[in-house]
Structure formats: C-alpha cells, structure tokens
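Chains, contacts and geometry: an overview
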Amino acid sequence: MTRLRKQEFLERLKMSIPSLGERSLGEATEQELYYGIAQIVNEEIKQDWQQTEASYAKKKPKQVYYLSMEFLIGRMLEANLLNCGLLEVTKEALEEMDHCLDQILVIENDAALGNGGLGRLAACFLDSLASLGYAGHGLGIRYCYGLFKQRVIQGHQVELPDDWLSMPYAWEVQKPEEQVLVRFGGEVSMHARTDGSLEIELRNTEDVLAVPYDVPIVGYENNVVNSLRLWSAESAGGEEECSRTFYRDLENEQSIKQISGYLYPDDSEEEGKQLRLKQQYFLVSASVQEIIRTFRRLHQKPLSKMPEKVAIQINDTHPTLTIPELMRILMDEEGYGWEEAWSVTTKLVAYTNHTTLAEALETWPVALVKKLLPRIYQIIHEVNERFCQWLWFNHPSKRDQIPQMAVIADGQVHMARLAIVGSLSVNGVARIHTDILKKEEMNDFYRLFPERFNNKTNGITHRRWLLQINPALASLISDVIGAAWVKRPSQLISLLRYSKDQPFLEEVSSVKQANKQKLANDVYNQTGVMIDSQSIFDVQIKRLHEYKRQLLNIFHVMHLFNELKDNPRLELTPRTFLFAAKAAPSYYIAKEIIHLINKVASVVNHDPDTKEKLKVVFLENYNISLAEKLIPAADISEQISTASKEASGTGNMKMMMNGAITLGTLDGANIEILDLVGHANMFTFGLTSEEVLDYYRNGGYSAKDLYQTDDRLRRILDQLNDGVFGLERLSFKDLYYQVLYQNDPYFVLKDFDAYIETHELIEQRYKDKWNWLTMSVNNTAYSGRFSSDRTIKEYAAEIWGIKPL
Ligand code: 26Q
C-alpha cells in the first residue's frame, strides 16, 4: 500500500466526488466526503485484496472459515483508514478544508449484524486474523435489518427497525457469479444402484439463491486483506413465467427474501422459530458449498484431503447444521460412504460454546427439522442412532446416561450434543466457563471425549478498542514505551514501569478527564442531562439480562438516594451512573428493569437533595458506536453478573484496556483479569460460582428472610412495590414479586451487602488520586493479554493447525 500525501489525497478526493461539480471540496457535504473517502480506501485496498487472494492461491495455506450468524462490525471507515495507514493524512487533509473527520465518520450506519458479545467477538477475530496474516475468513448473513434500534419513550424501551441499508453500503462487493443454490423441503427418494449402493435424490425442493457480498477485512499495516462473505437470499426462479402465477411468485419471492430479512434478537424465550432455522441452514449450506468449491479450485485433491487444508469454526451451535450438511454433500453428491464422510467431517469442524445457561442451549423440534430439511434430518437421525449404539456397546457403564446425551431426545434435536459429537474440538470462552462445561453442563461428554475439550479465553482487538477509540491514551503509551505494542500488545506490560511516574500519571489523568468531558458533552446533547465530568463515571453497558444484574446496580443507586434523603449533608464523592442496554423485545422483566433505571434517573437527577451528587443516565440504542464513546471515559467498569453465569464477557476487557477499574464478581474473564492485576487493582465482591452452584443444588437461600432482616433492602423493595420513592405511578410490582416470590434466582439480594460495601471502598480509594491513576495504568499494562491476537494465535496453534503466511 502506498502512503498518500496530503495534496495527492485532496486531488484523489476531488475525483472521488463527481457530484461536486463546480463546488470546492470545502463546500462538499459530509455525505459526499464520506463516500469520497470510502472510495479512496476501497481503491487503496483493492490491490492488496487481490494480492492476498493470489498469494493464498499460490502458497495454498490451510484456510480457516469462521461461520457465524452474527458479525457485529459497527462502522468501518475509521478502522479501515487506520489499518491501511491513511488515518493521519485524511485528518490533515480534512483539517485544511475546515472539515472534521468525526462528523464524516458518523454518516456511516453501524453494521449491527449481531446481538452482543458473540457477534462482536467474531468481528474482533476477523480483525486479528487479517492483522496477523492468517488465511481466515468470515461467513455470515447479509441481514436487510440488523439488531433493532432502541428508543426510550417515557422510560420504556421501544423497538424500531434498523434500516441500515437505506444508504448504499460502501464496503460490500456483490459477487453474483459466485452465487449458490440452497434447497429446502422436498422429498427424499432412494434407488439402488447396480453396485448395490444407494442413490439419494431430493425432489420438489424449494430453491433459494444465496448471493454473496464480500466485505474486505483490512489487516493492520501488513497489506493483507481477507474477506467477510455475507450471503443474501434471493429468488431462484427466472422471470419468464409471468401472468397467472405472478402474484403467487411475488408472494414466494417475498418469503424467500425474508430468509436474510432480519437478525433475530437473542431471545431464548421465543423458541422454535421456523425462519430462524431456515436462516441457519441458508448460512450453512451456502458456506459449505463455497468452502468445497474453493478447496477444489485451489487443490486438485479428493475431498477426503480437506482436513489438511480447511478448518471450520462454528460460533456457538447456530451453524451446527454444518456437520450434517458436510455429510450430505460427501455422501449424496460425492459418493463417500458413511464412515469416510464422518471421518472427514469430524476433522473439519470445531465448536465454540458461549453459554452455561442450560435454558439457552439450542434445540429444534424434530417435526420442524424433518419438514424443512428432510435429508438433513435423516442424517442427524443416523448420527444419533450410531452414537447411541456406540455408547451402548462400547461404554456399557454409560447406558443410563444415553437419554441425556442423545442428539435426538424428547422430540427435539439437541444442537450442542450434535456439535460435540460431530466436531474435533469443543471450547469455552474463559477458564472458569470451560471448567464449568467440563464439570457440570457437559460432564457426560467430557468424560467420553476429554481430549476434545479446551479453553480459549476471549479477546478484543486492541487496534479498535484502544488505538482507534482512545488515540490520546494510545499516543501517551507510545511516548513512554514506544509504538511496538501496537503490533505486539503483550508489550503493554512495559507500562508497569511508569505506573508510579507522576508526570506520566498527570498526563494519563488529563486524557481521562478530556474523554469524560467529551462524553459529558455528548450526553448533554443527546439527553439534556448535565453530568459533572469531575464525578466518578460508573459504567454498565451490555445487553439487559437478569443474570447481568443491572438490577443490583440500580438498587445501589436507590440506596445512595435513600441515604442522601435521610442525611442531605452526607459526604459523598459525586457519582454518575451510566447505563446502556437493549432488552430482547419479548423479555418483559428486562424491559421493566430498563423502565426502573429510567424512573430512578428522573427522580434522582431532579431531587434538590441528590442532584449535585448523583446522576443516572440511561443512554438509548447501545451499539458499537456508543460503546466507542463510553469506554474511554469509564472510571469504573461494572461486571457484576451472578457468578457462574457470564461465560466470559468482553466489555470487561475493553474497559480495562482503557484504564477503568473493574468492579466485578468472580465470574467469566473477570477471574483472569484478577489473576493478572491482583486485588490491589480491582474490586471484587459477592458469591463465588461454587457457592452459587451449591445454592442451586441445595435449594437456594431465603430471599424473604433477607428482606426481613436488612432494613436497606426492605426499604428499596417496598419502594418498588409502593411506587418508587412513594410515587404511586412509579410502581414496579412485577420486579418486586420476581425478586421476593421467585426467591431471587440471580442472588441480587444476597450480594447486595457486599456490593454496597465494595462501592464504599471504591469511594475511599478514589480520593487517593495518585493511587487511582496507578491502578488505572496497571490495568492498561496487563490488558495486552486480552488482545484477540493472543486468542487467535491459540485457536490457530491448538485447534486449526495453521500458521501465518
Ligand atoms: C437464540 C435464539 C433465537 C435467536 C437468537 C438467539 C441467540 C442469539 C445470540 C442466542 C445467543 C446469542 C448470543 C450470545 C452471546 O453473545 N453470548 C456471549 O458471548 C460472549 C463472547 O463469547 C461472552 O463474552 C459472553 O459472556 C456471552 O454471554
């Protein structure tokens, strides 16, 4: 990639905006500038993209395909400018014309093709694969509508469609010549061939075209450009038969386009949605066909050799049909027998699990799978038969466990069981999560296939989550330890030497202060709420879920409010509690928690006794772009899930990297953060996962007893029941009943006391400014371990068996 100079850049920009006409660049609209700059980037990366593909064709490295129903990539212009080395010159050039890059970047719609952690992890992995020079690609769905947009109206969440393709998407390239057919439904027929083998044919299927759109994934300053291929569903029929069938065809076409219509919000409550299963098979079938075609093009070898040159990672169970789809193609289309097809398949596919919540493990009704995918169902059935028989004969001691291990049981296909049985690797996403999988949730399988289970602690791309979103901190870091950390994030550890260096800490402090002030301005512009940038910014940003315990956080705020009302002169370091979270549309309790946070905010922010010391802000429509504003400004990172419930968390890593101090339970990757930074640099509290699991086994504790004995808690709960702070119209009876009468399944009351105490400790510790800054720098220093570069190297070496080109 050649480095452009400012003048040349300006010339190119002019040429890239044909609509400019007689106007000067200074008069261009932000939209024109956005597309103009994107075009320059696309021209710059085009050659690298082709060359990357050419070098894969020449050197024939093993290729990794990351299959995921979600890729939460957010905006791409700034990341692409950064990675291809054009960010600085772009800023300079725009400055010369009195334009500000920030105002141009916001023109781009977030690509919100994901719900949260799982989708963002996939995006970080692609960035690391390209930046480390691995031949690794993403395969996903080009949803017309991404995750819903959230508005908060009178304190309630309202969902709106995310029409992100309303403007042309600058980063996609349609590849119509590489489209493939995906077949649904139909009947299976079998004929005996003369040699006695069976010929399997699918008749009368409904066929859907999968049209690929490729998005470039630009490696950081290394000239590598990989691809994220997103499939779009289109009608396969030609346009010739019109007239009589016109309306029927139109209706059919609409229902086909729906397959890539919208992203399902993470909603374990709403199960068995036929369209979601169609989406999964659509992704899987198109992708497997593509993978096989590429293997054939690059290697003149039989498909049985694929495991030498291909690895397929499935992101949770959502793409598990990869296993029967591979079997189908190998057997029905390529003539392999079961044994050989199985041996190939189980050397290709590796499975990542992202949850321990038993209720979140995916199952599909047999009747639905049979109807929608008859041949795939037969194959799953056969996998199940063979697996159960093998257990029966080879592991007689496990006979009792067959019902709970069978791939098909209780009229359902159990996707995690299929994924474990049919893959070479099963990994969890943080040490404790993998341990819980092995010890509890998947113990039966672990004892059967111990060598398959492994841990890959999650990571985040430090390029986006530090270098891009916090350039001032990044450049301070490079000033003292040099810039090598950008390519080798583990070198951030050298910062430890400066964590007591007063002049450095002073600068770190000014950077954090400036980030907080910038956020305060944004918050004011968006909400009209004035927040004090000198206050402690206490941040909880993640999907709204009971196990993540936003309720515990807001109970603490209510507690502080009550204290201040009792004693308005109470000494309290001013605090700002920032929340952002989307709730699944059908998740009533989660929506009530959003409502409660907003109502508490409206009381606390206006009460003369509290408004100077407490502010609560709920920012609507949490997405990647909002996270990018909040994370550099956080002082406290709230990671307070019920122990054992959060598989890993990745927001915890992002905030740590930006110098926030974690306030967390011993859950997910928090534990590994603690291992590194120690208790001197982190605040932990609450039940351990062992204690939580013990309570579950032995019937829990009594929430009502706690309610009786703890005056603070009783006051808060009564405020929910009687109307928040005595205001009848603000009553939250359902939350009250959920906590007291469902016996507090997420231990909000049980952990309340420890949480309050820890907050009091934090308040004390914040007063020692130097020590706080030391803690902050220590956190950044240790965060290198959580770069997704480290994670990807582990997947590469331990699962995929690949090396960088
Ligand atoms: C389920 C049914 C129907 C439709 C959608 C879904 C669905 C969609 C998305 C279920 C789950 C998800 C996403 C789960 C997820 O993001 N899990 C998080 O993964 C992160 C990355 O590993 C972890 O850090 C988090 O701890 C984990 O919660």
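You'll find the structure just up there.
Described below are features of the structure shown in this document. Keep in mind the model is a prediction, meaning the values are calculated, not measured. By convention here, each chain's residues receive numbers from 1 onward along its written sequence. The predicted origin of the model limits local features to residues at a pLDDT of at least 70 and limits the giving and counting of side-chain atom pairs to 80 or more, whereas totals for whole chains, interfaces and linings rest on all residues. Hydrogens and water molecules were not included; the side-chain quantities draw on all heavy atoms of the structure.

Quick look at the overall build of the protein
Numbering of helices and strands starts at the N terminus; helices are DSSP runs of H or I of at least 4 residues and strands are runs of E of at least 2. The helix and strand tally for the protein stands at 32 helices and 25 strands. Atoms considered for the radius of gyration are the C-alpha atoms alone. The globule rule reads 2.2 Å times the number of residues to the power 0.38. At 27 Å, the protein has a C-alpha radius of gyration in line with the 28 Å of a compact globule built from 805 residues. Projected onto the principal axes, the alpha-carbon positions of the protein cover approximately 95 × 75 × 60 Å. With a 1.4 Å probe rolled over the protein chains alone, any residue whose accessible area is under 20% of its type maximum counts as buried; one over 50% counts as exposed, and the rest are partly exposed. In the protein, which comprises 805 residues, the proportion classed as buried is 61%.

Some words on the sheet that holds strand 17 (residues 412–414)
Two strands make a pair as long as DSSP finds a minimum of two bridges between them. A sheet is described by the order of its strands in space; here three strands give the open sequence 15-17-16, paired in antiparallel fashion. Sheet topology places strand 15 (363–365) and strand 16 (408–409) at the edges, where each strand pairs with a single neighbour. Inspection of the sheet shows strand 16 paired to strand 17 by two bridges, in the antiparallel sense. The partner of Ala409 across the bridge, within strand 17, is Gln412.

Looking at the packing of aromatic side chains
Aromatic rings in a pair are described by how distant their centres are and how their planes are angled relative to each other. When two rings of Phe, Tyr or Trp (its six-membered ring) have centres within 6.5 Å they constitute a pair, described as stacked for plane angles under 30 degrees, edge-to-face for angles over 60, and tilted for the intermediate range. For the coordinates displayed, the defined rule picks out 23 aromatic pairs. Their ring planes at 80° and their centres at 6.5 Å tell us that Tyr707 and Tyr736 sit as a pair that is edge-to-face. Pair noted here: Tyr707 is in helix 27 (residues 703–709) and Tyr736 is in helix 29 (residues 733–741), with a separation of 29 residues, a long-range link. Put simply, the rings of Tyr66, Phe125, Tyr795 and Trp800 pair up and form one aromatic cluster. The lysine or arginine in question, Lys175, covers the ring of Trp49, its NZ or CZ lying 5.6 Å from the ring centre. Definition used: whenever NZ (Lys) or CZ (Arg) falls within 6 Å of the ring centre and also within 35 degrees of the ring normal, the charge is taken to sit over that ring. Just above the ring of Trp231 sits the side chain of Arg229; from NZ or CZ to the centre is 5.7 Å.

Regarding a negative patch on the surface
Residues with no salt bridge and a relative accessible area higher than 30% make up the patches, which join like charges within 9 Å and nonpolar side chains (Val, Leu, Ile, Met, Phe, Trp, Tyr) within 5 Å. Surface accessibility follows the Shrake-Rupley procedure with a 1.4 Å probe radius. Residue values consider only the protein chains on display as shielding. Definition used for salt bridges: Asp or Glu carboxyl oxygen within 4 Å of a side-chain nitrogen of Lys or Arg. His is not counted here, nor are the chain ends, while Lys and Arg score as positive and Asp and Glu score as negative. A charge is said to be at NZ when it belongs to Lys, at CZ for Arg, at CG for Asp and at CD for Glu. A contiguous patch of negative charge, built from Glu88, Glu92, Glu95 and Asp98, is present on the exposed surface. Structurally, Glu95 is set in helix 4 (residues 87–96). Given the relative accessible area of 57%, Glu95 is considered exposed.

With respect to the pairing of strand 12 (residues 225–235)
Across the eleven residues of strand 12, nine count as buried, placing the element largely inside the fold. Across four bridges, strand 4 (residues 136–141) lies against strand 12 in parallel orientation. Bridged to Leu139 within strand 12 is Arg229. Bridge analysis of strand 11 (residues 206–218) against strand 12 gives eleven bridges, and the strand direction is antiparallel. When the sheet's bridge partners are listed, Val211 is paired in strand 12 with Ser232. Two successive antiparallel strands, strand 11 and strand 12, enclose a turn made up of six residues, where Glu221 displays a positive phi of approximately 45°.

A short note on the pattern of salt bridges
Working definition: two side chains of opposite charge can pair if their charged atoms are close together. One pass over the structure, following the stated rule, counts 45 salt bridges. The shortest N-O distance in the salt bridge between Arg12 and Glu44 comes to 3.1 Å. Taken together, the positions of Arg12 in helix 1 (residues 6–16) and Glu44 in helix 2 (residues 30–59) put the pair 32 residues apart, joining distant regions of the chain. Asp207 is the salt-bridge partner of Arg183, the closest N and O atoms lying 3.9 Å from each other. With Arg183 in strand 8 (residues 180–184) and Asp207 in strand 11, the pair connects residues that are 24 residues apart, well separated along the chain. Residue Arg183 is classed as partly exposed on the basis of its relative accessible area of 32%. One connected set of salt bridges, linked through shared partners, spans Lys175, Glu178, Asp214, Arg229, Glu290 and Arg293.

Description of the nonpolar core
What makes a nonpolar core is a set of buried Ala, Val, Leu, Ile, Met, Phe, Trp, Tyr and Cys residues whose side-chain atoms join them at distances within 4.5 Å. One finds Trp171, Phe282, Leu578 and Trp800 to be the most contacted residues of the largest nonpolar core, which totals 209 residues. When residues in this core are grouped by element, the largest group, eleven residues, is from helix 8 (residues 274–298). Sequence-distant contacts of Phe282, that is, excluding residues within four places in its chain, are made with Ile141, Val182, Phe184, Val208, Leu209, Ala210, Trp231, Ser232, Ala233 and Ile259. Counting 64 residues, the second-largest nonpolar core is a separate cluster that includes Phe579, Val603, Phe683 and Phe752. We call two residues contacting when some pair of their heavy atoms lies within 4.5 Å.

What about the side chain of Glu592?
Counting through the fold element by element, Glu592 comes out in helix 22 (residues 588–604). The buried charged residue Glu592 lacks any salt bridge partner; its closest oppositely charged side chain belongs to Lys591, at an N-O distance of 9.5 Å. Setting aside anything within four residues of it in sequence, one finds Glu592 in contact with Phe732 and Leu735.

Thoughts on the packing of helix 28 (residues 711–722) against helix 30 (residues 748–767)
Interaxial angles span 0 to 180 degrees and are taken between N-to-C directions of axes, which are lines fitted to C-alpha atoms, for helices over the stretch in contact. Direction vectors running N to C along helix 28 and helix 30 enclose 115°, while the axes themselves pass 10 Å from each other. As for the relative orientation of helix 28 and helix 30, their crossing is right-handed in sense. Here Arg712, Leu713, Ile716 and Leu717 of helix 28 come into contact with helix 30, specifically with Leu749, Phe752, Asp753 and Ile756. Any residue that is not Ala, Val, Leu, Ile, Met, Phe, Trp, Tyr, Cys, Pro, Asp, Glu, Lys or Arg is counted as polar, Gly included; the first ten are nonpolar and the last four charged. In terms of residue class, the contact of helix 28 with helix 30 is made up of six nonpolar, no polar and two charged. For a crossing to be left-handed, the near helix must be turned anticlockwise from the far one by less than a right angle; the clockwise case is right-handed.

Section: the sheet that holds strand 22 (residues 614–618)
Pairing is parallel in the open sheet, where six strands are placed in the order 22-21-20-23-24-25. Of all the strands in the sheet, the pair left with one neighbour each is strand 22 and strand 25 (683–684). As defined by bridge partners, strand 20 (residues 536–541) adjoins strand 23 (residues 636–639) across two bridges and the pair is classed as parallel. Paired with Val539 across the strands is Ser637, a residue of strand 23. With respect to the sheet, helix 22 is in contact with strand 21 (575–580) and strand 22, its orientation differing from that of strand 22 by roughly 145°.

Here's the deal with helix 4
Along helix 4, the positions that sit buried rather than exposed are Leu87, Val89, Thr90, Ala93 and Leu94. Burial along helix 4 is one-sided: seen end-on, the buried residues are contained in an arc of 165°. In this structure, helix 4 carries Glu88 and Glu95 as exposed residues pointing more than 90 degrees from its buried face. In this structure, the buried side of helix 4 is in contact with helix 1, helix 2, helix 3 (77–83) and helix 5 (101–105). The directions from the helix axis to the C-beta atoms are what the arc is built from.

Notes on unusual backbone geometry
Positioned with a positive phi, Asn223 is a non-glycine residue whose angle comes to about 65°. Secondary-structure assignment places Asn223 in the loop between strand 11 and strand 12. Owing to a relative accessible area of 36%, Asn223 belongs among the partly exposed residues under this scheme. Even without a glycine there, the phi angle at Asn621 is positive, about 55°. In this fold, Asn621 is placed in the loop between strand 22 and helix 23 (624–630).

Focus: the environment of Ala590
Relative to the elements of secondary structure, Ala590 occurs in helix 22. Once the C-alpha coordinates of Ala590 and Leu20 are considered, the two residues, 570 residues apart in sequence, prove to be 48 Å apart. Not counting residues within four places of it along the chain, the set of residues in contact with Ala590 comprises Leu544 and Ala583.

Regarding the site of the ligand
Near the ligand lie 18 residues; those nearest to it are Leu118, His354, Asn458, Glu646 and Gly649. Pairs of N or O atoms within 3.5 Å make up the polar contacts considered here, provided that, within protein, one atom can donate a hydrogen while the other can accept it, and that residues adjacent in sequence are counted only when both atoms are side-chain atoms. A distance of 2.9 Å separates an oxygen atom of the ligand from a polar backbone atom of Leu118. Taking Tyr547, its side chain carries an N or O atom lying 3.3 Å from an oxygen atom of the ligand. Surface burial for the ligand is 84%, taken as the share of its 610 Å² of free accessible area covered by protein chains. A per-class count over the shell around the ligand returns seven nonpolar, six polar and five charged. Near, as used in this document, describes a residue that has one of its heavy atoms within 4 Å of the molecule or strand being considered.

With respect to the packing of helix 6 (residues 117–131) against helix 32 (residues 788–800)
In the contact formed by helix 6 and helix 32, the axes pass within 9 Å of each other and the chain directions differ by 80°. Between helix 6 and helix 32, the angle falls in the class roughly perpendicular. Across the interface between the two elements, Cys124, Phe125, Ser128 and Leu129 of helix 6 pack against Ser788, Asp789, Thr791, Ile792, Tyr795 and Trp800 of helix 32. Angles are sorted into four bins: roughly parallel if under 35 degrees, roughly antiparallel if over 145, roughly perpendicular if 65 to 115, and oblique for all others.

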